[in-house]
Amino acid sequence: MKFNPLFILPNLFTAGSIFLGILSVIYASKGNFEMACWLILASMILDGLDGRVARLTNTASKFGVEFDSLADVVAFGVAPAMLLYFYIGIDYGRLGACVPAIFVIFGAVRLARFNITTSSEPNFFIGLPIPSAAVVVMLWVLIDLEYKLIENYNYGYVMLLGSFIISILMVSNIRYPSFKKMQWNFKSFIAVILLLGIVYVNPQETLCVLMSGYVVYGILRWLVLVIKVRFSSKLTKDKNT
């Protein structure tokens, strides 16, 4: 049986994602938080490429799927958790250690559930994807580095609370949009070009607003559905009485 060297290619992207995640932890431990943040984002880019490369080269495998999940635990679980701990958690004792630990555990649970279940809605994720959760935490740190919110407004507890909520959202049943099967057309192309221009001008602020909006959208959508279900059930009950 001949070995296809192309099988190495997508796994190199996955290994690169792990490598950048570990580098992020090292930089965070040394206090270089901005570099640690951008390394997580770079890791996310590599993570998005490995699956596409596997499909393009027809080298998708069960090993690649499992390897990718383990990489995600490191790059989007451990790396942002340690960033959060070294940036702010270290000043809050046991609470500051507990929130990053919960982030990693729930991120691993999110990945395990994703691997064994298939969503009935292919355009939605069940629970906040761990890469999105990692990027949101990373962007909050970048924004604080820019505007000194923790230093000026005692924002530390808010960041820890927000990170805890993000952790809960990963293992929740709240559905978040998946853009993998998005239908592209001329209007969406123009919108992406304009968005890239805005990101270029104000990268941290724009990305933070977009990703935080993505998180809030899932919560609001869930609340609207809950209200609709309860309202319709109440109407049905009133009709029957």
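Cut-offs and rules
- Residues numbered from 1 in each chain as written.
- Predicted model: local features only at pLDDT ≥ 70, side-chain atom pairs only at ≥ 80, totals over all residues.
- Heavy atoms only, no water.
- Helix = DSSP H or I, 4+ residues; strand = E, 2+ residues; numbered from the N terminus.
- Contact = heavy atoms within 4.5 Å.
- Areas by Shrake-Rupley, 256 points an atom, 1.4 Å probe, with all protein chains shown as cover.
- UniProt positions renumbered as here; feature names shortened; annotations may be inferred.
- Expected span 1.5 Å × (residues − 1).
- Buried < 20%, exposed > 50% of the residue type's maximum accessible area, 1.4 Å probe, protein only.
- Phe/Tyr/Trp six-rings, centres within 6.5 Å; stacked < 30°, edge-to-face > 60°.
- Salt bridge = Lys/Arg side-chain N within 4 Å of Asp/Glu carboxyl O.
- Axes fitted to C-alpha atoms, helices over the stretch in contact; angles between N-to-C directions.
- Parallel < 35°, antiparallel > 145°, perpendicular 65-115°, else oblique.
- Nonpolar A, V, L, I, M, F, W, Y, C, P; charged D, E, K, R; others polar.
- Patch = residues over 30% accessible without salt bridge, like charges linked within 9 Å, V, L, I, M, F, W, Y side chains within 5 Å.

### As for the overall build of the chain
In step 1: A tally of helices and strands in the chain yields nine helices and two strands.
In step 2: Sequence-ordered secondary structure for the chain, helices as α and strands as β, is α-α-α-α-β-α-α-α-β-α-α.
In step 3: Projecting the C-alpha coordinates of the chain onto the three principal axes gives extents of approximately 70 × 55 × 40 Å.
In step 4: Intrachain contacts of the chain at a sequence separation of at least 6 include 79% that bridge at least 24 residues.
In step 5: About 14,400 Å² of surface is accessible on the chain, with carbon and sulfur atoms providing 70% of the total.

### Topic: the UniProt feature "transmembrane region" (unreviewed entry) in the chain
In step 1: As annotated by UniProt and renumbered to match this structure, "transmembrane region" (unreviewed entry) occupies residues 7-27, 94-112, 124-143, 155-172, 184-202 and 214-231.
In step 2: Taken end to end, residues 7-27 comprises 95% helix and 0% strand; its first and last C-alpha atoms sit 31 Å apart.
In step 3: Between the C-alpha atoms that bound residues 124-143 the distance is 28 Å, and the span itself is 70% helix and 15% strand.

### Overview of helix α4 (residues 93-116)
In step 1: Taking 1.5 Å as the rise per residue, α4 with 24 residues should run 34 Å; its terminal C-alpha atoms sit 36 Å apart, in good agreement.
In step 2: Restricting attention to buried positions, one finds in α4 the residues G96, V99, P100, I102, F103, G107, R110 and L111.

### Remarks on the packing of aromatic side chains
The description of an aromatic ring pair uses the distance of the two centres, along with the angle that the planes make with each other.
In step 1: Throughout the structure, instances matching the rule amount to five aromatic pairs.
In step 2: Judged by centre distance (4.6 Å) and plane angle (75°), the rings of Y92 and Y157 are edge-to-face. Taken as a pair, Y92 in the loop between α3 (62-87) and α4 and Y157 in helix α7 (residues 156-170) lie far apart in primary sequence, 65 residues in all.
In step 3: Judged by relative accessible area, Y92 falls into the buried class, the value being 16%.

### Some details on the pattern of salt bridges
In step 1: Within this structure, the stated rule accounts for one salt bridge.
In step 2: As a salt-bridge pair, K62 and E66 come within 3.8 Å of each other at their nearest N and O atoms. Separated by four residues within a single helix, K62 and E66 lie in helix α3, roughly one turn from each other.
In step 3: A relative accessible area of 65% means that K62 is categorised as exposed.
In step 4: Given a relative accessible area of 36%, E66 falls into the partly exposed group.

### Focus on the packing of helix α1 (residues 8-29) against helix α2 (residues 33-56)
Axis angle and axis distance: for two packed helices, these are the angle between their axes and the distance between the axes, and together they describe the pair.
In step 1: Following both chains from N to C, one finds α1 and α2 inclined at 170°, their axes separated by 8 Å at the closest point. As summarised for this structure, α1 and α2 are arranged roughly antiparallel, according to the angle between their axes.
In step 2: In terms of residue class, the contact of α1 with α2 is made up of 17 nonpolar, six polar and two charged.

### Remarks on a nonpolar patch on the surface
In step 1: On the surface, F186, F189, I190, V192, I193, L194 and L196 cluster together into a nonpolar patch covering about 680 Å² of accessible area.
In step 2: Since its relative accessible area comes to 44%, I193 is described here as partly exposed.

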